[in-house]
Number of protein chains: 4
Amino acid sequence: MSKGRLEAFSDGVIAVIITIMVLEMKVPHGADTAALAPLVPIFLAYVLSFIMVAIYWNNHHHLFHGVHQVNGATLWANMHLLFWLSLVPFTTGWMDENHFAPVPVAAYGVVLLLCGVAYNILTRVLLAAHGRDSLLARALGSDRKGTISVVIYVAAVGLAFVHAWISLALYAAVALIWLVPDRRFERLLAEHKT
Amino acid sequence: MSKGRLEAFSDGVIAVIITIMVLEMKVPHGADTAALAPLVPIFLAYVLSFIMVAIYWNNHHHLFHGVHQVNGATLWANMHLLFWLSLVPFTTGWMDENHFAPVPVAAYGVVLLLCGVAYNILTRVLLAAHGRDSLLARALGSDRKGTISVVIYVAAVGLAFVHAWISLALYAAVALIWLVPDRRFERLLAEHKT
Amino acid sequence: MSKGRLEAFSDGVIAVIITIMVLEMKVPHGADTAALAPLVPIFLAYVLSFIMVAIYWNNHHHLFHGVHQVNGATLWANMHLLFWLSLVPFTTGWMDENHFAPVPVAAYGVVLLLCGVAYNILTRVLLAAHGRDSLLARALGSDRKGTISVVIYVAAVGLAFVHAWISLALYAAVALIWLVPDRRFERLLAEHKT
Amino acid sequence: MSKGRLEAFSDGVIAVIITIMVLEMKVPHGADTAALAPLVPIFLAYVLSFIMVAIYWNNHHHLFHGVHQVNGATLWANMHLLFWLSLVPFTTGWMDENHFAPVPVAAYGVVLLLCGVAYNILTRVLLAAHGRDSLLARALGSDRKGTISVVIYVAAVGLAFVHAWISLALYAAVALIWLVPDRRFERLLAEHKT
């Protein structure tokens, strides 16, 4: 089976997820800058969630660049990832609604953690189909970033009950880790061509 | 006519359907875990509907893998399927709103039943265009899963008036039948290549 | 310029339009079949609008099948069509909200009329770029269906003030005209191959 | 890395943005033409925002026509553009809600300004990857329209506090500048072929 439709469907779902999040930012009733003040944390949460979903799209794009074949297990591992991503707007909205109270902030982290786990499962399913010596396997390498992210998410979920802003800072830290360009794929693919 | 745009449009519609369903999960007003309790059945209904729509996308993907030509009848049979799928978020929301009362649970089953019928019609339209000896015809075979699903849906719609949870268990059973991988297509396409 | 992205973008916009219309059907609060009764006309309006938008997608698909090149004028003529199509959910919702009062029913017809005009403009822009002797020009022929639709829409908008149901019957009649398969393109393309 | 998925994802996000804006036009409760009167400015704001987003899609389409390779920096520069575009429905809604009060009208201009800046950054990132002598570099030329737009936006944001309609006229002027066809790309690409 070709990977074209799996990519197209994932692009569609992620495009809708990333765009409907902005609907959580309710238009304020006042017409002065003071009316925007309560929106500032909500805007920052939107920025964070937008970046998180964008990172998943970027990684998905890189990952499938090295993929040659997809099977039934790949389709479902991918659907599983899209399922958890689809809950990001919901947990973002719940944090907003409750002014970043501990439980919603922890729930936000749990969903991000499950997205990370789902992405890891997708990677393993693809590796199983491509073999340990494939270009994909070598390009993925040890996946240190993935492991670090999961550890930080677990810590952040717990620390939300100490202070919500610690967790939010940790979520932002994970985003930063991934925003630093990951040249593993590009380097290896370049090697492959030569 | 090529099948590319029919696939792209179906991917787009199904991507929107599967994502707007999560908008039915209204953000709770409380900030503690107790506020999440009434969301648990709504969340489970979302999981079920997500899986149902995902199964249709997967089957659609497999089905069109073996399709070579599309005509006007195919376009309308496909639109008919997308129409009934577009009602899944509505019936999911109605069940949620009414705490799984018998009528909404039966209505949910009626829409799933009509999705199944629409999928069956689409299959027949494609078969008529491809011939009884085509790869597609042999790959589809007897479509036992489709027939069993329709029988279970009819039973579940009736049994909703005995107890809603019987119906919901039957809907989940249909999902399980389809989640078990269907290797007919993959096997036949593999044969074809050799 | 290739036509691929114009088709992909149009598919995306039409997919969102056709799916968000169902959000106009508000989930009823009651849990019995009586709660569905006021939804019946709203459901029928949804069916009509779904079919109307589906007809545009089908025609768009057929039209661009014969197109080889797109230019700036094509992009804007296409955007113009998408603009009027994007108003179909709004006018459908306005009819629903006001129980098919004359003004909203007429407004629904005005938007459909403008969609028809926009489609006609798109056709002319494409013809200007392809030449009067092109396959596209011969396939489009006299566009009798388009002309008849516009005449019916104009009549229906006026007759909404006599009785709304006359207009609705006329809109349904236009849909029926287009649902009857239009084999002009398929025949000519088939000729072309031989 | 091929540009196909970046284009497909951008098409998806822009398609959702351009379509959800119409949801800001709340269905009026009255059933006569008087009920539409307060919607006229809201409709005009929708037209303006639709044209603005459509211009970005058209320019994006033209720009990537000349692009051969995308890298990590391109993906993020593109995400950055999509982020600011995703705020256009929000600022459009805020203007609508407050009858075009100065602050929301200025905020609308700030978001358009940031979209312009993001598009300019995207252009520079692509140029850096393609070289100063590439077809892309020659096609982009001096980007006078981009510079003029930014200057007008800055002026319009300030003048919103004198009178909101001055700003709105200036936003419309920018749209007009871009609606005049920009044949630089088409001409150069045509040259290239000969």
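This text goes with the structure placed above it.
As a starting point, this report considers the structure included with it. (Residues numbered from 1 in each chain as written. Chains lettered and ligands numbered in written order. Predicted model: local features only at pLDDT ≥ 70, side-chain atom pairs only at ≥ 80, totals over all residues. Heavy atoms only, no water.)

Structural notes on the overall build of chain A
Stated precisely, the cut-off is as follows: For helices the rule is a DSSP run of H or I covering at least 4 residues; for strands it is a run of E covering at least 2, with both sets numbered from the N terminus onward. Atoms counted for the radius of gyration: C-alpha only. Globule rule: 2.2 Å times residue count to the power 0.38. Accessible areas in this description were obtained via Shrake-Rupley with a 1.4 Å probe; residue shielding takes into account the shown protein chains only. When charges are counted, neither His nor the chain ends are considered; positive counts come from Lys and Arg and negative counts from Asp and Glu. For the purpose of locating charges, the reference atoms are NZ of Lys, CZ of Arg, CG of Asp and CD of Glu.
The helix and strand inventory of chain A stands at 9 helices and 0 strands. Secondary structure elements of chain A occur, N-terminal to C-terminal, as α-α-α-α-α-α-α-α-α. The C-alpha atoms of chain A give a radius of gyration of 18 Å, which matches the 16 Å a tight globule of 194 residues would have. Overall, chain A is about 60 × 35 × 30 Å in size when its C-alpha atoms are taken along their principal axes. Taken as a whole, chain A presents about 7800 Å² of accessible surface, with 68% of it coming from carbon and sulfur. Computed over 12 positive and 11 negative side-chain charges, the separation of the two mean positions in chain A equals 11 Å.

Let's talk about the interface of chain B and chain A
The extent of an interface is frequently quoted as the accessible surface area lost upon association of the parts. The line we're drawing: Residues are treated as being in contact if the distance between any of their heavy atoms lies within 4.5 Å. What gets called buried area is simply the loss in accessible area from a 1.4 Å probe that two parts show on being joined, summed for both. Here a salt bridge means any side-chain nitrogen of Lys or Arg lying within 4 Å of a carboxyl oxygen belonging to Asp or Glu. We define a polar contact as two N or O atoms separated by no more than 3.5 Å, with the added condition that, inside protein, one atom must be a possible hydrogen donor and the other a possible acceptor, whereas residues neighbouring each other in sequence contribute only through side-chain atom pairs. Gly is put with the polar residues, along with every residue not named as nonpolar or charged; the nonpolar set is Ala, Val, Leu, Ile, Met, Phe, Trp, Tyr, Cys and Pro, and the charged set is Asp, Glu, Lys and Arg.
The partner chain A presents 30 residues to the 38 residues of chain B that form the contact. Between chain B and chain A the total buried area reaches about 3000 Å² when both faces are included, carbon and sulfur atoms providing 75% of it. Of all residues in chain B, the largest losses of buried area upon contact with chain A belong to Val27, Trp57 and His61 of chain B, amounting jointly to 19% of the total for that side. Between chain B and chain A we count 2 salt bridges in total. In this structure, Arg5 of chain A engages Glu7 of chain B in a salt bridge whose closest nitrogen and oxygen atoms are separated by 3.8 Å. In this assembly, chain B and chain A are joined by 7 residue pairs in polar contact (both at pLDDT 80 or more). Contributing elements (two or more residues each) for the side of chain B that touches chain A: helix 1 (4-20) and helix 2 (39-65) of chain B. If one sorts the elements of the side of chain B that touches chain A by residue count, helix 2 of chain B sits on top with 15 residues. Looking at side-chain class alone, the side of chain B that touches chain A contains 23 nonpolar, 10 polar and 5 charged residues.

Some words on the relation of the copies chain B and chain A
Quick reminder of the rule: Copy-to-copy superposition: least squares on the C-alpha atoms, limited to residues that have pLDDT of at least 70 in both copies.
With an RMSD of 0.0 Å, the operation that places chain B on chain A is a rotation of 90° combined with a shift of 0.0 Å along the axis. Such a combination of rotation and displacement between the chain copies is what one expects of a four-fold axis. Among all residues of chain B, the minimum C-alpha distance to the rotation axis is found for Gly12 of chain B, at 4.2 Å. Comparing contact sets, just 3% of the residues at the interface of chain B also lie at the interface in chain A, consistent with a heterologous contact between different surfaces.

Examining the packing of helix 3 (residues 72-86) of chain B against helix 3 (residues 39-65) of chain C
The criterion, for reference: Helix axes are fitted only over the stretch in contact, all axes being lines through C-alpha atoms; the angle between N-to-C directions runs from 0 to 180 degrees. Here is the rule for handedness: rotate from the far helix to the near one, and if that takes an anticlockwise turn smaller than a right angle the crossing is left-handed, while a clockwise turn gives right-handed.
Relative orientation of the contacting elements helix 3 of chain B and helix 3 of chain C amounts to 140°, with a least axis distance of 11 Å. Note on packing geometry: the crossing formed by helix 3 of chain B with helix 3 of chain C is right-handed. Between helix 3 of chain B and helix 3 of chain C, the residues in contact are Leu75, Trp76, Met79, Leu82, Phe83, Trp84 and Ser86 of chain B and Phe43, Tyr46, Val47, Phe50, Ile51, Ala54, Ile55, Trp57, Asn58, His61 and His62 of chain C, respectively. Here the residues of the contact of helix 3 of chain B with helix 3 of chain C are counted per class, giving 14 nonpolar, 4 polar and no charged.

A short note on the relation of the copies chain C and chain D
Superposition record for chain C on chain D: RMSD 0.0 Å, screw rotation 90°, translation along axis 0.0 Å. When the interface residues of chain C are mapped onto chain D, a mere 3% of them are again interface residues, pointing to distinct binding faces.

As for the packing of helix 1 (residues 4-20) of chain A against helix 3 (residues 72-86) of chain A
Residues and elements named next belong to chain A. Applicable threshold: Roughly parallel means an angle under 35 degrees; roughly antiparallel means over 145; roughly perpendicular covers 65 to 115; every other angle is labelled oblique.
The interhelical angle for the contact between helix 1 and helix 3, taken along N-to-C directions, is 5°, at an axis separation of 10 Å. By the angle class used here, helix 1 and helix 3 are roughly parallel. Of helix 3, the residues touching helix 1 (which contributes Leu6, Phe9, Ser10, Val13, Ile14 and Ile17) are Thr74, Leu75, Asn78, Met79, Leu82, Leu85 and Ser86. Looking at the contact of helix 1 with helix 3 residue by residue, the classes come out as 9 nonpolar, 4 polar and no charged.

Points about the interface of chain C and chain D
Taken residue by residue, the interface counts 30 residues in chain C and 38 residues in chain D. Here chain C packs against chain D, burying approximately 2900 Å² in sum over the two surfaces, 75% of which is carbon and sulfur. Put simply, Asp11 of chain D and Arg5 of chain C hold a salt bridge, and the shortest N to O gap is 2.7 Å. Looking at the side of chain C that touches chain D, the elements that each hand over two or more residues are helix 1 (4-20), helix 4 (72-86), helix 5 (88-97) and helix 6 (102-130) of chain C. At 9 residues, the largest contribution of residues to the side of chain C that touches chain D is made by helix 1 of chain C.

Some thoughts on the nonpolar core
Stated formally: Residues belong to one nonpolar core when they are buried, are Ala, Val, Leu, Ile, Met, Phe, Trp, Tyr or Cys, and are joined through side-chain atoms within 4.5 Å. Only protein chains enter the accessibility calculation, which uses a 1.4 Å probe; a residue whose area is less than 20% of its type maximum is buried, one above 50% is exposed, and one in between is partly exposed.
Core analysis: the largest hydrophobic core is formed by 280 residues, its most contacted members being Tyr171 of chain A, Tyr171 of chain B, Tyr171 of chain C together with Tyr171 of chain D. In this structure Tyr171 of chain C touches Leu48, Met52, Val105, Ala106, Tyr108, Gly109, Leu112, Tyr153, Ala156 and Val157 of chain C, once residues within four positions along its chain are discounted. Formed by 8 residues, the second largest nonpolar core is a distinct cluster that contains Val16 and Ile20 of chain B together with Val16 and Ile20 of chain C.

Some details on the pattern of salt bridges
Counted according to the given criterion, the structure contains 8 salt bridges over all chains. Here the residues in one salt-bridge network are Arg5 of chain A together with Glu7 and Asp11 of chain B, joined through shared partners.

Topic: the side chain of His62 of chain A
Residues and elements named next belong to chain A. Positionally, His62 belongs in helix 2 (residues 39-65). Owing to a relative accessible area of 11%, His62 belongs among the buried residues under this scheme. A polar contact is formed between the side chain of His62 and the backbone oxygen of Asn58, at a distance of 2.9 Å.

Concerning the side chain of His60 of chain A
With respect to the helices, strands and loops of the structure, His60 of chain A is situated in helix 2. Assessed through its relative accessible area of 1%, His60 of chain A is described here as buried. Among the polar contacts made by the side chain of His60 of chain A, one reaches the side chain of Asn78 of chain A at a distance of 2.8 Å. In this structure, His60 of chain A is in contact with Leu6, Ser10, Asn78, Leu81, Tyr119 and Leu122 of chain A together with Arg5 of chain D, ignoring residues within four places of it in sequence.

Notes on helix 8 (residues 164-179) of chain B
Residue and element names in this part refer to chain B. Formally: One less than the residue count of a helix, multiplied by 1.5 Å, gives the span that helix is expected to have. The arc under discussion is defined with respect to the helix axis, by the directions toward the C-beta atoms.
Its 16 residues place the ends of helix 8 23 Å apart at the C-alpha level, agreeing with the 22 Å of an ideal helix rising 1.5 Å per residue. Residues Ala164, Ser167, Leu168, Tyr171, Val174, Ala175 and Trp178 constitute the buried set of helix 8. Angular distribution of buried residues about the axis of helix 8 spans 110°; they occupy a single face of the element. The inward-facing, buried residues of helix 8 abut helix 2, helix 4 (88-97), helix 5 (102-130) and helix 7 (144-159).

A few points about the packing of aromatic side chains
Residues and elements named next belong to chain D. Condition: Stacked, tilted and edge-to-face pairs are distinguished by plane angle, under 30 degrees for stacked and over 60 for edge-to-face with tilted covering the rest, among Phe, Tyr and Trp rings (Trp via its six-membered ring) whose centres lie within 6.5 Å.
A complete count under the given rule lists 40 aromatic pairs over all chains for this structure. Where Tyr56 meets Tyr119, the ring centres are 5.9 Å apart and the plane angle is 70°; that geometry is what we call edge-to-face. Of the two residues, Tyr56 sits in helix 3 (residues 39-65) while Tyr119 sits in helix 6 (residues 102-130), which places them 63 residues apart along the sequence. The same class applies to Tyr56 and to Tyr119, which are both buried.

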